[in-house]
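Chains, contacts and geometry: an overview
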Amino acid sequence: MIENYKNIIGERKVSELKIIAEKLKNKSILNVNSTFKGGGVAEILTKMIPIMESLGINIKWEIIKGNEEFYKVTKKFHNALHGVKEDFSQKDFEIFTETNNSNIEKIDMDKDIVFIHDPQPIGLIKAKKDNKWFWRCHIDLTNSDKRVYDFLKQFIPKYDGCVFSSPYFSKTDIEIPQYLIFPSIDPLGEKNKEIEKEFIEKVFYDFGIDIKRPIITQISRFDRLKDPVGVIKAYNMVKKHIDCQLILAGGGADDDPEGVKVYEEVLEERNNDPDIHILMLPHNDLIINALQRGSTVILQKSLKEGFGLTISEALWKEKPVIASNVGGIKYQITHKYNGLLSNSIEGTAHYIKQIIENPEYGKYLARNGKEHVKENFLITRHIKEYMLMFLTESDKDVIYF
Ligand code: UDP
């Protein structure tokens with residue numbers, strides 16, 4: 001399977017991966033997060049694990065299990081860490097701790113390396129023996145709620161290292177080594193591989209969307225931080241001048257209990273406009289792939305964003321992208337070079353109009369976008385950096401590969 005990537009990254013980079021993987025062959029690795037489906041973390045692990053197995057690495061993936069109350073608490077944690085105001089009671093913290101403790105008995109963490117993803121399972125660290133533990137944070141912590149951050153911080157010193165998505169998120173009050181590693185997309189997975197034009201057309205036809213008129217698309221979980229209502233407002237501004245259509249497509253995530261409520265809010269904002277297509281989708285990478293490829297312009301109007309894989313996904317498909325100037329997005333888009341960054345609904349509307357009216361400009365941005373993703377955000381680079389991290393014995397504060 002790793003051989004398939006030679007066509008994209010070249011033989012030399014594939015052989016580098018094999019050399020590094022060889023050194024990990026006698027190690028067992030376990031990943032733990034909170035969902036197998038939905039959201040960027042599950043997306044990355046789904047693609048990464050089979051590739052690492054094809055490199056001969058003994059790597060497993062487990063999820064922690066909690067009840068509805070636990071996911072309500074962790075969703076509040078997620079929002080609060082992104083800087084959203086949430087109310088917490090002592091009980092919330094107890095639920096979090098109890099669920100983490102009860103999962104310690106259910107998951108076999110007797111591995112050489114345990115890799116914990118995001119806050120939900122951070123408390124499993126209590127099970128650490130003399131093995132190596134890493135914590136991967138995908139959230140932009142720059143404006144995080146102090147109470148939640150301080151609560152989580154108690155677990156961090158026990159880890160051997162933590163990983164942030166960008167230099168901008170790294171913390172000065174953490175005393176263990178910090179690794180700065182960007183997320184990534186899999187260019188050969190069903191989400192991003194080349195697909196037939198006929199298939200793309202069929203997907204649009206089946207959803208009743210006219211592929212011949214301009215299409216503005218945002219793919220995201222129904223989450224307020226993705227600002228789906230702001231997307232509709234921007235579309236409404238453009239629609240006064242240009243005959244266009246809007247797609248807001250997103251399934252839920254098993255660990256996100258707010259999706260249905262937000263979906264209903266978005267339906268209301270739609271105001272029965274037949275050119276607004278709000279698609280609550282079952283998990284299907286090929287359909288997302290087709291929707292991205294058949295669109296005229298892709299939006300990611302997030303109010304907060306750890307990284308935003310959907311941006312790299314669209315850029316890889318040579319689509320012009322307009323995204324908010326927040327969090328990890330700025331590492332993917334350099335304004336007016338490989339995409340457009342916007343700070344408001346009005347700005348987003350202005351840029352949508354500009355791209356629809358000037359397709360050559362859109363193509364220029366998108367071509368640069370694909371190159372940027374190829375150099376920086378492919379899964380092979382990500383795997384290399386994780387493998388190096390697993391092998392590194394570091395006492396440095398901040399490590400870039
Ligand atoms: N995604 C999907 N189906 C959906 C909505 C999103 O497959 O209905 C995927 C999307 O293509 C991307 C991931 O879920 O790969 C979302 O990752 P991102 O970093 O953009 O946001 P997150 O959900 O992690 O906040």
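A brief structural summary.

Rules used throughout
- Residues numbered from 1 in each chain as written.
- Predicted model: local features only at pLDDT ≥ 70, side-chain atom pairs only at ≥ 80, totals over all residues.
- Heavy atoms only, no water.
- Disulfide = S-S within 2.5 Å.
- Helix = DSSP H or I, 4+ residues; strand = E, 2+ residues; numbered from the N terminus.
- Expected span 1.5 Å × (residues − 1).
- Contact = heavy atoms within 4.5 Å.
- Pairing = 2+ DSSP bridges.
- Axes fitted to C-alpha atoms, helices over the stretch in contact; angles between N-to-C directions.
- Near = heavy atom within 4 Å.
- Polar contact = N/O pair within 3.5 Å; in protein donor to acceptor, adjacent residues only side chain to side chain.
- Areas by Shrake-Rupley, 256 points an atom, 1.4 Å probe, with all protein chains shown as cover.
- Nonpolar A, V, L, I, M, F, W, Y, C, P; charged D, E, K, R; others polar.
- Salt bridge = Lys/Arg side-chain N within 4 Å of Asp/Glu carboxyl O.
- 1 Å grid on protein atoms, 1.4 Å probe; cavity = no way out; pocket = protein on both sides within 12 Å on 5 of 7 lines; lining within 4 Å.
- Points joined across faces, edges and corners; volume = space filled by probe spheres on them.
- Parallel < 35°, antiparallel > 145°, perpendicular 65-115°, else oblique.
- Buried < 20%, exposed > 50% of the residue type's maximum accessible area, 1.4 Å probe, protein only.
- Right-handed = clockwise from strand over helix to strand, strands pointing away.

Our next topic: the state of the cysteines. In this structure the tally under the stated criterion is zero disulfides. Here C137 stays unpaired: no disulfide links it, and the sulfur of C162, its closest cysteine neighbor, is 8.2 Å away.

Bringing helix α14 (residues 359-376) into the picture now. If you check α14, its first and last C-alpha atoms are 26 Å apart, about what 18 residues at 1.5 Å a residue would give, namely 26 Å. Those residues of α14 that are buried are in contact with α11 (309-316), β12 (340-342) and α13 (345-357).

Paired through their backbone hydrogen bonds, the strands of a sheet run either parallel or antiparallel. Strand order in the open sheet formed by seven strands is β2-β1-β3-β4-β5-β6-β13, and the pairing between neighbours is parallel. Of all the strands in the sheet, just β2 (58-63) and β13 (398-400) have a single pairing partner and so form its edges. Taken over all neighbouring pairs, the strand axes of this sheet differ in orientation by 20 degrees on average, direction set aside. Summarising the sheet, strand β1 (residues 28-33) and β2 pair through six bridges and their orientation is parallel. Across the sheet, residue N31 finds its bridge partner in β2, namely W61. Against the sheet, helix α3 (residues 40-54) makes contact with β1, β2 and β3 (113-117), and its axis sits at roughly 155 degrees relative to β2, the strand it touches most.

It is worth spelling out the site of the ligand at this point. Surrounding the ligand, one finds 16 residues, the nearest of these being G40, R221, K226, G251 and E313. Contact distances for the ligand include 2.7 Å between an oxygen atom and a side-chain N or O atom of K226. Measuring from an oxygen atom of the ligand, one finds a backbone N or O atom of G251 at 2.4 Å. The fraction of the free accessible surface of the ligand (540 Å²) that becomes covered by protein chains is 89%. Those elements that provide at least two residues to the shell around the ligand are α3 and α11. The dominant element in the shell around the ligand, judged by the number of residues it contributes, is α11, at three residues. Of the residues assigned to the shell around the ligand, the class counts are three nonpolar, seven polar and six charged.

With that settled, consider the pattern of salt bridges. Applying the stated rule across the entire model yields 36 salt bridges. Note that K193 and E190 form a salt bridge whose closest N and O atoms lie 3.9 Å from each other. The shortest N-O distance in the salt bridge between E265 and K261 comes to 3.3 Å. Here the residue E265 and the residue K261 both occupy positions in helix α9 (residues 259-270), the gap between them amounting to four residues, near one helical turn. Salt bridges sharing common partners tie together D210, R213, K239, D243 and D275.

Attention now goes to the layout of surface pockets. There is about 420 Å³ of room inside the second largest pocket. Surrounding the second largest pocket, 21 residues form its lining, E375, N376, R381, E385 and F401 being those nearest its centre. Of all elements in the fold, only α2 (11-22), α14 and α15 (379-391) reach the threshold of two or more residues within the lining of the second largest pocket. For the lining of the second largest pocket, the element with the most residues is α15, which contributes five residues. For the lining of the second largest pocket, the per-class residue count stands at ten nonpolar, four polar and seven charged.

Now for the packing of α13 against α14. A pair of packed helices is characterised by two quantities: the angle between their axes and the separation of those axes. For the pair α13 and α14, interaxial distance at closest approach is 5 Å and the crossing angle is 105 degrees. Viewed along their axes, α13 and α14 adopt a mutual orientation that is roughly perpendicular. Each of Q354, I355, I356 and E357 in α13 lies in contact with α14, whose residues at this interface are P359, Y361, G362 and L365. Taken together, the residues that form the contact of α13 with α14 break down as five nonpolar, two polar and one charged.

Our focus in this paragraph is the pairing of β2. Side chains I59, W61 and I63 project from β2 onto a buried face, and the interleaved N58, K60 and E62 project onto a face without burial. As a crossover connection, the stretch from β1 through α3 into β2 is right-handed.

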